[in-house]
Amino acid sequence: MTQPLRAGRQARPHPTRLLVFLAGLWVAAVAMAWIAQHWLGMGLRPAGTWAWLWVLLAAPVLEESVFRPLVQSSLHEGLQRWRPPLRSRFWPRSAALRAAVRRWAAAHGATVLTTIVFAAAHAPAHGWHCLWWLLPGWALAEVWRRSGSLCACIATHAWFNLSLALLSRWM
């Protein structure tokens, strides 16, 4: 059950559902870090106090402060106002189908687009491995979409980084 919309903000799920989602996500983060470490050879090995502070605090705060309230919220607002073309060769003719596509784009389009931008932002440092960032990018976008809480996004991002760093260090 979701709560009603308030002042242009998205509906929020029941707190119990959100907590279950976050708990599952945090458990999945450890599995994803293990896969990244063992199958892809990706690791995160901070050397020194400043590197650990960057990985666990500065990077999550900086990235989430840019991607969630700025990029994802702006895309969401823009897609809420988006009106599809009336006539197009590639656009469905059925009014019901057009309405369904528009509803889906308004609800999930910002999540998908922000996920792609998040992964692409990691490309300069990681090359094609940036595709791996589609999964945590989607997860973080969903945390923002479902909760609207920047703190939840930052904590989840920090947990992702900590999981990968600890598994890289021990294995």
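Here goes a summary of the coordinates provided. Note that the structure is predicted; figures quoted are calculated from it, not measured.

### What to know about the layout of surface pockets
- Approximately 480 Å³ is the volume found for the largest pocket.
- For the largest pocket, the lining is made up of 22 residues, of which L44, H122, W133, N161 and L164 are closest to its centre.
- Counting only elements with at least two residues in the lining of the largest pocket, the list comes to helix 1 (15-38), helix 2 (49-81), helix 5 (134-147) and helix 6 (150-170).
- Looking at side-chain class alone, the lining of the largest pocket contains 16 nonpolar, five polar and one charged residues.

### Remarks on the packing of aromatic side chains
- Enumeration over the complete set of coordinates arrives at three aromatic pairs.
- Their ring planes at 10° and their centres at 5.2 Å tell us that W26 and W159 sit as a pair that is stacked. Of this pair, W26 sits in helix 1 while W159 is found in helix 6, placing the two residues 133 residues apart along the sequence.
- Seen in terms of ring centroids, W34 and W39 are 6.5 Å apart; in terms of plane orientation they differ by 65°. Their pairing is edge-to-face.

### Focus on the pattern of salt bridges
- For the structure shown, the criterion picks out three salt bridges.
- Across the pair E64 and R68 runs a salt bridge whose closest N-O atoms are separated by 2.6 Å. With E64 and R68 both in helix 2, this residue pair falls four residues apart, about one helical turn.
- Judged by its relative accessible area of 0%, R68 is buried.
- A salt bridge links E142 to R146, with the shortest nitrogen-to-oxygen separation between them at 2.8 Å. One end of the pair, E142, and the other, R146, are both in helix 5, four residues apart, so they sit about a helical turn from each other.
- E142 sits in the buried class, given a relative accessible area of 4%.
- Taken together, the shared-partner salt bridges in this structure form one network comprising E142, R145 and R146.

Rules used throughout
- Residues numbered from 1 in each chain as written.
- Predicted model: local features only at pLDDT ≥ 70, side-chain atom pairs only at ≥ 80, totals over all residues.
- Heavy atoms only, no water.
- 1 Å grid on protein atoms, 1.4 Å probe; cavity = no way out; pocket = protein on both sides within 12 Å on 5 of 7 lines; lining within 4 Å.
- Points joined across faces, edges and corners; volume = space filled by probe spheres on them.
- Helix = DSSP H or I, 4+ residues; strand = E, 2+ residues; numbered from the N terminus.
- Nonpolar A, V, L, I, M, F, W, Y, C, P; charged D, E, K, R; others polar.
- Phe/Tyr/Trp six-rings, centres within 6.5 Å; stacked < 30°, edge-to-face > 60°.
- Salt bridge = Lys/Arg side-chain N within 4 Å of Asp/Glu carboxyl O.
- Buried < 20%, exposed > 50% of the residue type's maximum accessible area, 1.4 Å probe, protein only.

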